[in-house]
Amino acid sequence: MSNNLTIWITGTSGFIGYRLYKSLLDEKLNIIQISLNFKNLIFNNWNDEKLKVQNYLDQRLKINNKPDIIIHLGWGKMIDPWSHYHIKENVNKSIELFKFAKINQVKKIIFCGSMNEYADVSGPIHELTKTNKTNKIVTNYAKGKLKVTNYGLDLFNNSFTQFYVVRPSYVYGPGQKKSSLISQLFEAYRKSTSLDLTSCNSYRDYI
């Protein structure tokens, strides 16, 4: 990877984002952290927040080099997959980021989706250009991810910007939260204890 590249990354405080950020810094790349979460500000409506996102990105553009690549990992309310935040705020902020990328002719944008976007597909998965299965998806988290994926596919179709979506099924490594499912499974096995489960309305088959 060329050391002349300027890469903007959202979500660098998250599990994947933090480690990716540190790894790219080790490659001596020009890495810029950006955040679309304005936690200390109160907005009367989405138009206020939309303007704040646009101004924030424009200001970043003035301060730093124009990005060659934007890696969009940031996503709020991860602890609650049924939160309405996923299909409103997360989607709207992602849309504004994508619009910014297209207007400024960013070379590549990489979006971190979710394997939950596949809904109830069973058997081998054959990738389609576009997926529309929100009626079969259980969580708002997955619905929001799919909306952003489809928006990006439409927006960047036949454009200067190359759009990529990665859909991890599960990630594990150093710094994993103790509250994560896989950490609890390991701990229950290690201590030979039972594991309390939720209603299991949402499930994943990793095989």
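How each quantity is defined
- Residues numbered from 1 in each chain as written.
- Predicted model: local features only at pLDDT ≥ 70, side-chain atom pairs only at ≥ 80, totals over all residues.
- Heavy atoms only, no water.
- Helix = DSSP H or I, 4+ residues; strand = E, 2+ residues; numbered from the N terminus.
- Buried < 20%, exposed > 50% of the residue type's maximum accessible area, 1.4 Å probe, protein only.
- Contact = heavy atoms within 4.5 Å.
- Salt bridge = Lys/Arg side-chain N within 4 Å of Asp/Glu carboxyl O.
- Expected span 1.5 Å × (residues − 1).
- Phe/Tyr/Trp six-rings, centres within 6.5 Å; stacked < 30°, edge-to-face > 60°.
- Pairing = 2+ DSSP bridges.
- Axes fitted to C-alpha atoms, helices over the stretch in contact; angles between N-to-C directions.
- Parallel < 35°, antiparallel > 145°, perpendicular 65-115°, else oblique.
- Left-handed = near helix turned anticlockwise from the far one by under 90°.
- Nonpolar A, V, L, I, M, F, W, Y, C, P; charged D, E, K, R; others polar.
- Core = buried A, V, L, I, M, F, W, Y, C linked by side-chain atoms within 4.5 Å.

Re the overall build of the protein
Phase 1 of the analysis: Within the protein, the regular secondary structure consists of five helices and five strands.
Phase 2 of the analysis: Reading the secondary structure of the protein in the N-to-C direction produces β-α-β-α-β-α-β-α-β-α.
Phase 3 of the analysis: The buried share of the protein, taken over its 207 residues, is 38%.
Phase 4 of the analysis: Of all intrachain contacts in the protein linking residues separated by at least 6 positions in sequence, the fraction that spans at least 24 positions is 70%.

Considering the pattern of salt bridges
Phase 1 of the analysis: As enumerated under the stated definition, the model contains six salt bridges in all.
Phase 2 of the analysis: Two residues, Lys93 and Glu49, come together in a salt bridge whose shortest N-O distance is 3.0 Å. With Lys93 in helix 3 (residues 89–103) and Glu49 in helix 2 (residues 46–63), this residue pair connects regions lying 44 residues apart in the sequence.
Phase 3 of the analysis: Overall, Lys93 belongs to the buried group, its relative accessible area being 4%.

Description of helix 3
An α-helical turn contains 3.6 residues, so a residue and the one three or four places further along point in the same direction.
Phase 1 of the analysis: Its 15 residues give helix 3 an end-to-end C-alpha distance of 21 Å, which sits within 8% of 21 Å, the value for a rise of 1.5 Å per residue.
Phase 2 of the analysis: Most of helix 3 is tucked away: 12 of the 15 residues are buried.
Phase 3 of the analysis: Glu89, Asn90, Val91, Asn92, Lys93, Ser94, Ile95, Glu96, Leu97, Phe98, Phe100 and Ala101 are the residues of helix 3 that are buried.
Phase 4 of the analysis: Two residues or fewer past helix 3, Gln105 is found with a positive phi of approximately 50 degrees.

Regarding the packing of aromatic side chains
Phase 1 of the analysis: Counted according to the given criterion, the structure contains eight aromatic pairs.
Phase 2 of the analysis: On the basis of an interplanar angle of 20 degrees and a centroid distance of 5.5 Å, the ring pair of Trp8 and Phe100 is categorised as stacked. In this pair, Trp8 sits in strand 1 (residues 6–10) while Phe100 sits in helix 3, placing the two residues 92 residues apart along the sequence.
Phase 3 of the analysis: Judged by relative accessible area, Trp8 falls into the buried class, the value being 0%.
Phase 4 of the analysis: Look at Phe98 and Phe111: their rings are 6.1 Å apart centre to centre, the planes differ by 80 degrees, and that puts the pair in the edge-to-face class. Taken together, the residues Phe98 in helix 3 and Phe111 in strand 4 (residues 108–112) connect sequence positions 13 residues apart.

Section: the sheet that holds strand 4
Phase 1 of the analysis: Judged by pairing direction, the sheet is parallel, and its five strands sit side by side in the order 2-1-3-4-5 without closing on themselves. Looking at strand neighbours, the two that pair on one side only are strand 2 (30–34) and strand 5 (162–166), the edges of this open sheet. Mean inter-strand twist for the sheet, computed between neighbouring axes without regard to direction, equals 15 degrees.
Phase 2 of the analysis: Contacting strand 1, strand 2, strand 3 (69–72), strand 4 and strand 5, helix 3 crosses the sheet at an angle of about 170 degrees to strand 3.
Phase 3 of the analysis: Packing of helix 4 (residues 140–155) onto the sheet brings it into contact with strand 4 and strand 5, and relative to strand 5 it is tilted by some 155 degrees.

Section: the packing of helix 3 against helix 4
Phase 1 of the analysis: Following both chains from N to C, one finds helix 3 and helix 4 inclined at 20 degrees, their axes separated by 10 Å at the closest point. Looking at the two axes, helix 3 sits roughly parallel to helix 4. For the pair helix 3 and helix 4, the crossing hand works out as right-handed. Between helix 3, through Val91, Ser94, Ile95, Phe98, Lys99 and Lys102, and helix 4, the contact on the second element is made entirely by Gly144, Lys147, Val148, Tyr151, Gly152 and Leu155.
Phase 2 of the analysis: The class makeup of the residues in the contact of helix 3 with helix 4 is six nonpolar, three polar and three charged.

Some remarks on the nonpolar core
Generally speaking, a soluble globular protein has its nonpolar side chains buried in company with each other.
Phase 1 of the analysis: Core analysis: the largest hydrophobic core is formed by 24 residues, its most contacted members being Leu57, Ile70 and Phe98.
Phase 2 of the analysis: Elements with a minimum of two residues in this core: strand 2, helix 2, helix 3, strand 4 and helix 4.
Phase 3 of the analysis: Per element, the largest residue contribution to this core is six residues, and it comes from helix 3.
Phase 4 of the analysis: Apart from residues no more than four positions distant in its own chain, Ile70 is found in contact with Trp8, Leu97, Phe100, Ala101, Val106, Lys108, Ile109 and Ile110.
Phase 5 of the analysis: Core analysis: the next-biggest nonpolar cluster, separate from the first, contains 11 residues, Leu5, Tyr21, Ile31 and Ile69 among them.

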